[in-house]
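Topology and contacts: notes
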Amino acid sequence: MNNEKTGVLLGEMANFYLSIPVAVVKEMLSKSHPEITPEELDAVLQRCTEDPVWQRCGVETVLTPEPELAALRLVRNQEFYKQFLAARRPEPYAPMPPEYHYQNGRSYFDLPEIQCFRDFGRTALGLDDDGIEELIFECSYGVRNAVWQGESWLALLMRMNMLSGIFITNFDQLKSLQEMGRKLYQNMPSPVLSGHRPREVENPPALPDDLSGIKEQSLGAMKDIAHMEKLLGINNGSNHEEVISKEPFRRDGKKIGRNDLCPCGSGRKYKKCCGR
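Description of the structure in this document. (Residues numbered from 1 in each chain as written. Predicted model: local features only at pLDDT ≥ 70, side-chain atom pairs only at ≥ 80, totals over all residues. Heavy atoms only, no water.)

This part is about the overall build of the protein. Counting its secondary structure elements, the protein contains 12 helices and five strands. A total of 276 residues make up the protein; the buried ones form 48% of that total. Counting only contacts in the protein whose residues sit at least 6 apart along the sequence, the fraction spanning at least 24 positions is 62%. Looking at the protein as shown, the accessible area adds up to about 13,800 Å², and 50% of this sits on carbon and sulfur atoms. (Helix = DSSP H or I, 4+ residues; strand = E, 2+ residues; numbered from the N terminus. Buried < 20%, exposed > 50% of the residue type's maximum accessible area, 1.4 Å probe, protein only. Contact = heavy atoms within 4.5 Å. Areas by Shrake-Rupley, 256 points an atom, 1.4 Å probe, with all protein chains shown as cover.)

As structure tokens, this is what we get:
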């Protein structure tokens, strides 16, 4: 296996576990990919250390007692990293399941529970295919990371309303998402459980999905949407505070691409600025 493919594999592992001891990585790959020589693996790990952007992962040696391969967002944000390490439980590492996929910097899980979000996005929110995929990504990301980030994943989703083009407009929709999220959480491999699913371990941490305070946040999100539309030169004539209790919002303007320049004027890519 060449260095590029080995780097992709390390990127997949880093984004699945978020952080995993390098010694465990070497042990796992010696069994699952014996064609990767120790010399090749060491060379690729060194490249990740020197250039974490290469495969969106790097090697951490300061915050952890032994070197760990970690996702780029943890390598770059030590406060995030400390939060994750404080929440992680010392479980034996589970192998990456076949339902896990990593592509273009995003993690995907082919789980039966995901179909519920797809159906909900189409029927309850009236989303197009791109919007449905964005909903699945945002909800999966929130459910998977809420435990170690320490906040309700639904509150995070409401803050992402403007950025992702997914507009949750009433509490019935939130309660439906809350129930779907609880089912997904039980079957989704968790990074704080070393890749195990909560239903597989004793006394798994509870999923933060509190709905308190959401109404105020949603009103604020709709006001932000109006501001963003003004920046983009979009005017659909709707009253965004009234939209909360009426029909789902429909985006009339062009969706902001993750690699487009951010409309806030920072000069950075959207995914690196307001779209984070």
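Inspection of the secondary structure assignment puts Pro67 in the loop between β2 (57-60) and β3 (68-71). It is 7.9 Å that separates the C-alpha atoms of Pro67 and Ala23, two residues lying 44 residues apart in sequence. Among all residues touching Pro67, those that are not within four sequence positions of it are Pro21, Val22, Val59, Glu60 and Thr61.

The sheet built from three strands is open, its strands ordered β1-β3-β2 with antiparallel pairing. A strand with exactly one partner marks an edge of an open sheet, and here the two such strands are β1 (19-21) and β2. When the angles between neighbouring strand axes are averaged without regard to direction, this sheet yields 25 degrees. Where helix α2 (residues 22-32) meets the sheet, it contacts β1, β2 and β3, and its direction lies at approximately 75 degrees from that of β1. The strands that helix α3 (residues 38-50) touches are β2 and β3; relative to β2, the one it contacts most, it runs at about 90 degrees. (Pairing = 2+ DSSP bridges. Axes fitted to C-alpha atoms, helices over the stretch in contact; angles between N-to-C directions.)

Enumeration according to the criterion identifies nine salt bridges in this entry. A salt bridge links Arg118 to Glu133, with the shortest nitrogen-to-oxygen separation between them at 3.4 Å. Here Arg118, found in helix α6 (residues 112-123), pairs with Glu133, found in helix α7 (residues 129-149); they are 15 residues apart in sequence, far enough to count as distant. Taking relative accessible area as the criterion, Arg118 reaches 23% and is therefore assigned partly exposed. Each of Glu99, Arg197 and Glu200 takes part in salt bridges that share partners, so that together they form one network. (Salt bridge = Lys/Arg side-chain N within 4 Å of Asp/Glu carboxyl O.)

Bridging between strand β4 (residues 100-103) and strand β5 (residues 106-109) involves four bridges; their strand directions are antiparallel. Among the inter-strand pairings, Gln103 is bridged to a residue of β5, identified as Arg106. A loop of two residues connects β4 with β5, the two strands running antiparallel in sequence, and Asn104 in this loop sits at a positive phi of about 55 degrees.

Counting residues in hydrophobic clusters, the biggest one holds 62 residues, and the most contacted among them are Leu10, Leu29, Leu69, Phe117, Trp153 and Leu177. Looking at this core element by element, the count peaks at eight residues for α7. Setting aside residues no more than four positions away along its own chain, Leu10 makes contact with Val25, Leu29, Leu41, Val44, Leu45, Cys48, Cys57 and Leu69. (Core = buried A, V, L, I, M, F, W, Y, C linked by side-chain atoms within 4.5 Å.)

Turning our attention to the pairing of β3. Pairing geometry for β1 and β3, over three bridges, is antiparallel. Each residue of the ladder has a partner; that of Pro21, found in β3, is Glu68. Pairing of β2 with β3, which is carried by four bridges, proceeds in the antiparallel orientation. For Glu60, the partnering residue across the bridge sits in β3 and is Glu68.

It is worth spelling out the packing of aromatic side chains at this point. Any aromatic ring pair is given by two values, namely how distant the centres are and how the planes are angled relative to each other. Per the stated rule, a full pass over the model turns up eight aromatic pairs. Geometrically, the ring pair formed by Phe16 and Tyr17 is edge-to-face, given 4.7 Å between the ring centres and 85 degrees between the ring planes. The same class applies to Phe16 as to Tyr17, namely buried. Feature note: the residues Phe16, Tyr17, Tyr93, Tyr100 and Phe109 constitute an aromatic cluster, connected by ring pairs. (Phe/Tyr/Trp six-rings, centres within 6.5 Å; stacked < 30°, edge-to-face > 60°.)

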